[in-house]
Amino acid sequence: QVQLVESGGGLVQPGGSLRLSCAASGGIFRLYTMGWYRQAPGKQRELVAKITSGGITNYRDSLKGRFTISRDNAKNTVYLQMNSLKPEDTAVYYCKTDVTKTLAYWGRGTQVTVSS
């Protein structure tokens, strides 16, 4: 079983930046595709970005250029750098790992609030 723990969320002003971290344990991190998702109040959870074991990244179109996903296999951690944050980025951000095509694990999420 894989455990994921997100951190780095908080309150930030519009235009600010945050870096989220997701620490994984209990599996073979370097083999997994890792992803960040978010869910705003009253909305469905949506993909923010993914990064494969080989480092190939995929982003939600509307977030390209502002968000960057990266991973450090030595630390079993995936990151999400978020710049130029907007109020509409306010959501709970979740980390997910795709262990196989049918098996995935989620973290509990970290709240990001963008407000002045």
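Just above sits the structure.
A. Here's a closer look at the side chain of Thr97. Looking at the element boundaries, Thr97 is found in strand S9 (residues 91-98). Accessibility expressed as a relative area gives 1% for Thr97, which makes it buried. Residues in contact with Thr97, not counting those within four places in the same chain, are Val2, Leu4, Tyr32, Thr33, Met34, Leu103, Ala104 and Tyr105.

B. Inspection of the packing of aromatic side chains at higher detail. Applying the stated criterion across every chain yields a total of two aromatic pairs. By the ring-pair criterion, three or more aromatic residues cluster together here, those being Tyr37, Tyr94 and Trp106. The cationic tip of Arg71 hangs over the ring face of Phe29; the distance from NZ or CZ to the ring centre is 4.6 Å.

C. How the structure looks around the sheet that holds strand S1 (residues 3-7). Overall, antiparallel pairing links the four strands, which are arranged S1-S3-S8-S7 in an open sheet. The sheet is open, and its two borders are formed by S1 and strand S7 (67-72), each paired with just one other strand. Across the sheet, the axes of successive neighbouring strands diverge by a mean angle of 15°, strand direction being ignored. Both S1 and strand S3 (residues 18-25) contribute to a ladder of five bridges, which runs antiparallel. Paired with Gln3 across the strands is Ser25, a residue of S3.

Procedures and definitions
Residues numbered from 1 in each chain as written. Predicted model: local features only at pLDDT ≥ 70, side-chain atom pairs only at ≥ 80, totals over all residues. Heavy atoms only, no water. Helix = DSSP H or I, 4+ residues; strand = E, 2+ residues; numbered from the N terminus. Buried < 20%, exposed > 50% of the residue type's maximum accessible area, 1.4 Å probe, protein only. Contact = heavy atoms within 4.5 Å. Phe/Tyr/Trp six-rings, centres within 6.5 Å; stacked < 30°, edge-to-face > 60°. Lys NZ or Arg CZ within 6 Å of the ring centre and 35° of its normal. Pairing = 2+ DSSP bridges. Axes fitted to C-alpha atoms, helices over the stretch in contact; angles between N-to-C directions.

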